[in-house]
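Structure at a glance
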Amino acid sequence: MTNRAVITGTGAFLPRKVVTNRDLEAEIDTTDEWIRTRTGIRQRYIAGDDEPNSYLAVNASRRAMEMAGVNPSELDMIIVGTLTPDMPMPSVACLVQKELGAKKAGAFDLSATCSGFLYGLSIADKFVRDNGRMKVLVIGSEVLSRRVNWQDRTTCVLFGDGAGAAVITGTREKRGILSTHLHADGSLWEFLAIRGLGTAQPVTQDVLDKGWQYIEMSGRDVFKNAVRALESVTLEALEANHWTADDLDLLICHQANMRILDHLRERLGLAQEKVFINIDKYGNTSAASIPIALDEANRAGMLNPGMKVLMIAFGGGFTWGAVALEW
Ligand code: UT7
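None of the values given here were measured: they were computed from a predicted structure.

1. Section: the overall build of the protein
Check the secondary structure of the protein and you find 11 helices and 13 strands. Relative to a compact globule of 327 residues, whose C-alpha radius of gyration would be 20 Å, the protein shows 19 Å and is just as compact. For the protein, the spread of C-alpha atoms along the three principal axes comes to 60 × 45 × 35 Å. Within the protein, the proportion of its 327 residues that are buried is 55%. A separation threshold of at least 6 residues defines the contact pool for the protein, and within that pool the share at least 24 residues apart is 77%. Approximately 14200 Å² of the protein is accessible, and the part contributed by carbon and sulfur atoms is 49%.

2. Considering the site of the ligand
The immediate surroundings of the ligand are formed by 23 residues, with Thr30, Arg38, Arg220, Asn257 and Asn284 found nearest. Residue Arg220 places a side-chain N or O atom 2.7 Å away from an oxygen atom belonging to the ligand. A distance of 3.1 Å separates an oxygen atom of the ligand from a polar side-chain atom of Arg259. Burial of the ligand by the protein chains amounts to 75% of its free accessible area of 960 Å².

3. Here's the deal with the layout of surface pockets
Approximately 160 Å³ is the volume found for the second largest pocket. Lining the second largest pocket are Lys17, Val19, Leu24, Glu27, Ile28, Ile46, Trp150 and Gln151. Broken down by class, the residue content of the lining of the second largest pocket amounts to five nonpolar, one polar and two charged.

4. A word on the sheet that holds strand β7 (residues 162-171)
Sheet strands line up and pair through hydrogen bonds in the backbone, either parallel or antiparallel. Taken in spatial order, the five strands make up an open sheet running β1-β7-β6-β4-β5, and their pairing is mixed. Each of the sheet's edge strands pairs with one partner strand only, and the pair in question is β1 (4-13) and β5 (106-110). Across the sheet, the axes of successive neighbouring strands diverge by a mean angle of 20°, strand direction being ignored. Taken strand by strand, helix α5 (residues 116-130) contacts β1, β4 (77-81), β5, β6 (136-142) and β7, and its axis lies near 170° from that of β6.

What counts as what
- Residues numbered from 1 in each chain as written.
- Predicted model: local features only at pLDDT ≥ 70, side-chain atom pairs only at ≥ 80, totals over all residues.
- Heavy atoms only, no water.
- Helix = DSSP H or I, 4+ residues; strand = E, 2+ residues; numbered from the N terminus.
- Rg over C-alpha atoms; globule rule 2.2 N^0.38 Å.
- Buried < 20%, exposed > 50% of the residue type's maximum accessible area, 1.4 Å probe, protein only.
- Contact = heavy atoms within 4.5 Å.
- Areas by Shrake-Rupley, 256 points an atom, 1.4 Å probe, with all protein chains shown as cover.
- Near = heavy atom within 4 Å.
- Polar contact = N/O pair within 3.5 Å; in protein donor to acceptor, adjacent residues only side chain to side chain.
- 1 Å grid on protein atoms, 1.4 Å probe; cavity = no way out; pocket = protein on both sides within 12 Å on 5 of 7 lines; lining within 4 Å.
- Points joined across faces, edges and corners; volume = space filled by probe spheres on them.
- Nonpolar A, V, L, I, M, F, W, Y, C, P; charged D, E, K, R; others polar.
- Pairing = 2+ DSSP bridges.
- Axes fitted to C-alpha atoms, helices over the stretch in contact; angles between N-to-C directions.

Spelled out as structure tokens, the structure:
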């Protein structure tokens, strides 16, 4: 009998401060109407100085562990998908390990932008299939507000901060994670990037003057590639599980743009209630977006045993992927 990986607990945590579209109208040349109609976003959460990435991650994790009934001392591995760590070293995962007191857990961050949670879930799936007794904490956590140029209206209205987490453990039952599908195309990296503050373009006045410490995005190119990749990885996951789109009970997509979600829903012929949407409340929280959505769906009672769930993501790199599971 093979082991399968199941999600036994989910949690999310948002910073205190809410910034509405109206708040942004007062700061930059934009309108609530433009942001809502082009993206579906109404507000986003922005972390304060006392709410670094690891703080959000720890709090989301505590909620997920409480639901799973798992103590920190039982955790074997902590994986954090993020592109906005507290610092280059140590990883957010090590800071979370320390704060939780998860003494026996290994800990590492992974860099797969908005697909980070699904990449992490895929790795957790492999650990647990290999050893069904393992308990893995997978987190997506971001403080993107520190990496957007608040003078650039084409990007700053889109992003938000937050964290989501899930506890993964083993089962001998025929449910849980059924298939994982990970992809990337590094040749298109320039469409969505933060060029500076790494080792290629370290902190110099020149780099700061160019604004390379901030997210740069060619919105239309990202949009075009996102809809194409998300549709193709959805079809790939459906085929791998011999599902049709009709079989799906819930599609949890990375929340980047309402129009992307609408496009997918139409292409797949899915009913409105089968596509989870919360972009209006949080904006694009990158790696945190799917685990926040998963937790919200879970706590709202939208996930029942036996339901067929597909999670899909797309982000900078480009990276994209899907995880299909039976709840
Ligand atoms: O998480 C990773 C995945 N990320 C994504 O999937 C993002 C994908 N891209 C998008 O969601 C969309 O491309 C955006 C929402 C970023 C932009 O929407 P768009 O329909 O592609 O708009 P655009 O960039 O073509 O800009 C249209 C107009 C421009 O004005 P002109 O040149 O037509 O006069 C912009 O200057 O809208 C203007 N504009 C704004 N106006 C008011 C751009 N940003 C704003 C703004 N407020 N915040």
